[in-house]
Amino acid sequence: MNERSSYTIDVQVEPRFVPDQSRPGDNRYVFAYTITLHNAGDVAARLLTRHWIITDSNGKVEEVNGDGVVGEQPWIRPGDEYEYTSGAVLETSVGVMQGSYQMVADDGTHFEALIPPFTLSIPRTLH
């Protein structure tokens, strides 16, 4: 059994603009995103921490590190999924987020689940 198949968390992201909380005239653009984590490996694992890199279209970069997600450190069995929704506030109408989750498997192995880059954009901004 190779390590990749045993310790694999697939990350899916669905971002959306939140117009009722945004104030474009004040350079405040609020985005929500729903993340689905699927344990595609053969060992249960707990999400310990997160690391985000958020870049707006002005090139401003913000890094966020913290324990768990939305106040939880979910334990995900092989084949199971965990879903949560969170958000980000940008000073521009377009940005990119990416990062990683630091995981620990039930056998004590620490590994990283990469969050692929995804775009935050108000509707009809990008083609």
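Scroll up a little and you will see the structure.
This structure is a prediction, so every number in the text was calculated from the model and none was measured.

Criteria and cut-off values
- All chains use their own residue numbering, which begins from 1 and follows the written sequence.
- Restriction of local features to residues with pLDDT of at least 70 applies here, the model being predicted, together with a cutoff of 80 or more for giving and counting side-chain atom pairs; totals for whole chains, interfaces and linings are based on all residues.
- Only hydrogens and water are removed before side-chain values are computed, so all heavy atoms of the structure are retained for them.
- We count a stretch as a helix when DSSP gives it H or I for four or more residues in a row; a strand needs E for two or more, and each element gets its number in order from the N terminus.
- A simple rule labels every residue: compare its accessible area, found with a 1.4 Å probe on the protein chains alone, to the largest value its type can have, and call it buried under 20%, exposed over 50%, or partly exposed in between.
- Charged residues are defined here as Lys and Arg on the positive side and Asp and Glu on the negative side; His and the ends of the chain fall outside this count.
- The working definition used for a salt bridge is a side-chain nitrogen of Lys or Arg within 4 Å of a carboxyl oxygen of Asp or Glu.
- Residue contacts are counted whenever heavy atoms from the two residues lie within 4.5 Å of one another.
- Pairs of N or O atoms are called polar contacts if they sit within 3.5 Å, as long as, within protein, a hydrogen donor faces a hydrogen acceptor (for residues adjacent in sequence, only side-chain-to-side-chain pairs).
- Note on terminology: a nonpolar core comprises buried Ala, Val, Leu, Ile, Met, Phe, Trp, Tyr and Cys residues joined through side-chain atoms within 4.5 Å.
- Two strands are said to pair when DSSP picks up at least two bridges between them.
- A fitted line through C-alpha atoms represents every axis, and for helices the fit uses only the stretch in contact; the resulting angles, taken between N-to-C directions, go from 0 to 180 degrees.

Engineer: Sorry if this is basic, but what is going on with the side chain of D56 here?
Structural biologist: Turning to its location among the elements, D56 is positioned in strand β3 (residues 45-56). One buried charged side chain, D56, makes no salt bridge at all; its nearest oppositely charged neighbour is K60, positioned 5.5 Å away. Residues contacting D56, with those up to four places away along its chain left out, are L90, E91, T92, V94 and G95.

Engineer: What is the right way to look at the side chain of T36 in this model?
Structural biologist: Assignment of secondary structure puts T36 in strand β2 (residues 29-39). Polar contacts involving the side chain of T36 include one to the side chain of E83, which spans 3.2 Å. Leaving out residues up to four positions away in the same chain, T36 has contacts with D10, V11, Q12, E81, Y82 and E83.

Engineer: I keep staring at the nonpolar core and nothing clicks. Help me out?
Structural biologist: As a rule of thumb, nonpolar side chains are buried together in soluble globular proteins. By size, the foremost hydrophobic cluster in this structure holds 29 residues, and its most contacted members are I35, L37, W52, M97, Y101 and M103. Elements represented by at least two residues in this core include exactly β1 (9-17), β2, β3, β6 (81-90), β7 (94-105) and β8 (110-121). Not counting the four nearest positions on each side in its chain, M97 is found in contact with Y33, W52, I53, I54, A88, P116, P117, F118 and L120.

Engineer: I'm lost on the sheet that holds β2 in this one. Help?
Structural biologist: Two orientations exist for strands paired in a sheet by backbone hydrogen bonds: parallel and antiparallel. Spatially, β1-β2-β6 is the arrangement adopted by the three strands of the open sheet, whose pairing is antiparallel. The outermost strands of the open sheet, each flanked by one partner alone, are β1 and β6. Averaged over all pairs of adjacent strands, the angle between strand axes in this sheet comes to 20°, irrespective of strand direction. Both β1 and β2 contribute to a ladder of nine bridges, which runs antiparallel. Of the residues in β2, the one forming a bridge with V11 is L37.

Any link to function would need more than the numbers given here.
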